[in-house]
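Spelled out, the chains give:
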Amino acid sequence: MRVLATLTAGLLMVLTVQGTATAAQSTEQPALSAADKNVKLRNTLPGTERAISIAFAEYGRKDVAFVSGEFGLKTFDVTDVEHPKFLDHLTKQEMALPGDDPSQRFWENEDVNVDPKRKLVFLAREVNSFGRKLPGDRPTGNYLVSAADPANLELLGFHRQNTGHTTTCINDCQYLWTAGLDRSDAKTGRIFVTDIRDPRNPKELPVSVDVRGTPGQGKITHDVQVDALGIAWVAGDDGTRGYWTDGWHKDPLTGKVRWATAADPVPYAGGAVPKIDMPTSFTHNSFRPVGRTLADGPKPSAANPPGSLLLHTEEAFGSSTCKDQGRFVISSLKGTEHGEGWGTKPAEMKTVGVWSPDDQEGTIPGDVTCSAHYFDVQKRIVAYSWYEQGTRFLDISNPAKPIQIAYWRPEAAISWAPYWHKNNVFIADLQRGVEIVSLTKGAYDAQDSGTNVQLVSTPGKAKPGKPARQRLPLAPDPDFGWACPMLAGREGDCSPGACC
């Protein structure tokens, strides 16, 4: 592990790590029973408890997983998933800035990004990192890490800017789009653009992209996903909107053809979702199946031609079963290609399909943390995280009627984000760490026959992996509320500084 000398001694303090475990033990909750169907556990990645996001890169024949979590960044050789090998750990102590408490967690980097060509890793830092609280300074921004050798990670530096919730590669990782709550004086929802063509000297550009709301309103952008055609989809308050970031395109807001750049993108399509389907009007993340990924999404039809569908998440916790909000929504982009989704009151996209775990097999009734969160898609199957309701696998061949073909809800799971990778699914579980699973023949048979797994009254007895005896207590983030739940403090309180 190499850490540049320019990162001061404050980044290198090493203290014992006790806070998270102590907090979890002091707010014990009864364990939730396990249940699974049509899913097989392949393996786990050791030492990845409090995992949040995962990315992959190839090094010749070597396949490497990058696991970001409260512990910092870890790398694993997963060429053989039956025998994964730990490679390196960029610790939170090494990432700590002057004034940080390195015994506290690194937070949060919900969607780790890797440059597959230059082998760079980008980690977003939120205000809650390392025990920071008001009225003190709470730095946000991005860490830039060299993974030229994944067994010897090198921290290049920290680029401070006025947000740091998620960060996404744009235009072949020549730029970063960073999303979150704008902490500048403007206090609007927007994307911050950083030029990283020289990763040792990142330069923030004096532009605002995808501005949402009026100054002081506090609206946010949350995450960015880039589709197979290079269109960047920005999710957040008031829905999801897509932008061209390269090439000549007609700007629907002006009617003029102009060159799109990462700093001056051209609007493409998108908008809000009807409140009956997404009551909070907050989208968390999205995916548009198009081009090389078209076969991963729903089957195209006359009603829903290729590239016309957008899959996205509403993260919300108004219903413990996700019956009323916190759902998976499939929207049609048709009718939004002329700028209808922009302006102070974005037009609504037509809803094609909605799904939630409510009244589905494998669902725990009652007071259980439940909301749609991150998802990934392969061959018309969505792997989807639903917090304590586990990871669900949905066939979306018919976008109007998604069906559940498998589920994975091990004991006391908090499924945060699943990732398809070479026919396996790597699940970042905040409680259990990274679990590697695969679907069994039963799942594919259910997909082929269009058969929804049936509701049962008795949950399965499976307790795969190392069982977790206690549920982790979650509480709303002091800045984002339930749009970003975090581990509760000792007394179950999550006021600023009380979460660990």
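About the criteria used
- Residues numbered from 1 in each chain as written.
- Predicted model: local features only at pLDDT ≥ 70, side-chain atom pairs only at ≥ 80, totals over all residues.
- Heavy atoms only, no water.
- Helix = DSSP H or I, 4+ residues; strand = E, 2+ residues; numbered from the N terminus.
- Buried < 20%, exposed > 50% of the residue type's maximum accessible area, 1.4 Å probe, protein only.
- Contact = heavy atoms within 4.5 Å.
- Areas by Shrake-Rupley, 256 points an atom, 1.4 Å probe, with all protein chains shown as cover.
- Disulfide = S-S within 2.5 Å.
- Pairing = 2+ DSSP bridges.
- Axes fitted to C-alpha atoms, helices over the stretch in contact; angles between N-to-C directions.
- Core = buried A, V, L, I, M, F, W, Y, C linked by side-chain atoms within 4.5 Å.
- Salt bridge = Lys/Arg side-chain N within 4 Å of Asp/Glu carboxyl O.
- Arc of directions from axis to C-beta.
- pLDDT = per-residue confidence, 0-100.

> What's the story with the overall build of the protein chain in this structure? I'm lost.
Helix and strand counts for the protein chain stand at three helices and 35 strands. When burial is assessed residue by residue, the protein chain has 62% of its 500 residues classed as buried. Counting contacts in the protein chain only where the partners sit at least 6 residues apart, residues at least 24 apart contribute 60% of the total. Carbon and sulfur atoms provide 52% of the accessible area of the protein chain, an area that totals close to 18900 Å².

> Could you clarify how one ought to interpret the state of the cysteines in this entry?
Disulfide: a covalent bond connecting the sulfur atoms of a pair of cysteines. For the coordinates displayed, the defined rule picks out two disulfides. For C322, the disulfide goes to C370, at an S-S distance of 2.2 Å. Its torsion about the S-S bond being -135°, the disulfide of C322 and C370 is classed as left-handed. Taken as a pair, C322 in the loop between β24 (309-314) and β25 (328-332) and C370 in the loop between β26 (350-355) and β27 (375-378) lie far apart in primary sequence, 48 residues in all. Here C322 matches C370 in class, with each residue buried.

> Help me understand the pairing of strand β6 (residues 72-77), please; the structure alone is not making it clear to me.
Across the six residues that make up β6, a large majority, six, are buried. Sheet analysis places strand β5 (residues 62-69) next to β6, joined by six bridges and oriented antiparallel. Bridge pairing in β6 places S68 opposite L73. Connecting β5 to the antiparallel partner β6 that follows it, the hairpin turn spans two residues. One ladder, built from six bridges, connects β6 with strand β7 (residues 85-91); its direction is antiparallel. Within β7, the residue paired with K74 across the bridge is H89.

> Is there a simple way to explain the sheet that holds strand β4 (residues 51-59) in this structure?
Whether parallel or antiparallel, the strands of a sheet pair through hydrogen bonds between backbone atoms. With antiparallel pairing, four strands are arranged side by side in an open sheet as β4-β5-β6-β7. Strand pairing shows two members of the sheet lacking a second neighbour, β4 and β7, which therefore form its edges. The mean angle between the axes of side-by-side strands here comes to 20°, regardless of whether they run parallel or antiparallel.

> Can you walk me through the nonpolar core in this structure?
Across soluble globular proteins, nonpolar side chains show a tendency to be buried alongside one another. L45, I54, V67, I414, W416, F426 and V434 are the most contacted members of the largest nonpolar core, which has 31 residues in total. At the level of elements, β4, β5, β31 (415-421), β32 (424-429), β33 (433-439) and β35 (481-487) are the ones that each hand at least two residues to this core. Not counting the four nearest positions on each side in its chain, W416 is found in contact with I52, W107, E108, E110, H373, Y374, S385, Y387, A428, D429, L430 and P485. Counting 22 residues, the second-largest nonpolar core is a separate cluster that includes V64, L90, Y143 and A147.

> Please explain the pattern of salt bridges as it appears in this structure.
Should their charged atoms come close, side chains of opposite charge can pair. Per the counting criterion, the structure on display carries 22 salt bridges. A salt bridge links K422 to D63; its shortest N-O distance comes to 3.5 Å. Taken together, the residues span a long stretch of sequence, with K422 in the loop between β31 and β32 and D63 in strand β5 at a distance of 359 residues. A residue is classified by how much of its surface remains accessible, and D63, at 4% relative accessible area, is buried. Where D264 meets R258, a salt bridge forms, and the shortest distance between an N and an O atom there is 3.2 Å. Through salt bridges that share partners, E58, D63 and K422 make up one connected network.

> Please explain the environment of A295 as it appears in this structure.
Positionally, A295 belongs in the loop between β23 (283-287) and β24. With 82 residues separating them in the primary sequence, A295 and V377 have C-alpha atoms 9.7 Å apart. Beyond its immediate sequence surroundings of up to four residues, A295 is in contact with K379 and R380.

> Explanation requested: helix α3 (residues 441-449) in the structure shown.
Counting along an α-helix, one turn takes 3.6 residues, and residues three or four places apart therefore face a common direction. Within α3, the full set of buried residues consists of A443, A446 and Q447. Projected onto a plane normal to the axis of α3, the buried residues spread over an arc of 100° and lie on a single side. In this structure, α3 carries K441 and D448 as exposed residues pointing more than 90 degrees from its buried face. Of the residues one or two after α3, G450 is the one with positive phi, at around 65°.

> How should the side chain of T163 be read in this particular structure?
Topologically, T163 is positioned in the loop between β11 (154-160) and β12 (166-170). With residues up to four places along the chain from it excluded, the contact list for T163 reads T140, G141, T178, A179, G180, L181, D182 and F192.

> So what exactly am I meant to see when it comes to the confidence of the model for the protein chain here?
A low pLDDT score tells you not to read the predicted coordinates there in detail. With 88% of its residues at a pLDDT of at least 70, the protein chain reaches an overall mean of 88. Across residues 457-468, confidence stays below pLDDT 50; counting only partners more than four residues off in sequence or on other chains, it has 27 contacts.

> Any chance you could explain the sheet that holds strand β18 (residues 232-236) here in plain terms?
The four strands are arranged β17-β18-β19-β22 in an open sheet whose pairing can be described as antiparallel. Both edges of this open sheet fall to β17 (221-226) and β22 (266-271), since each of them pairs with a single strand only. The sheet shows a mean angle of 25° between the axes of neighbouring strands, taken without regard to direction. Across five bridges, β18 lies against strand β19 (residues 239-244) in antiparallel orientation. Residue pairing across strands places A232 opposite Y243, the latter belonging to β19.

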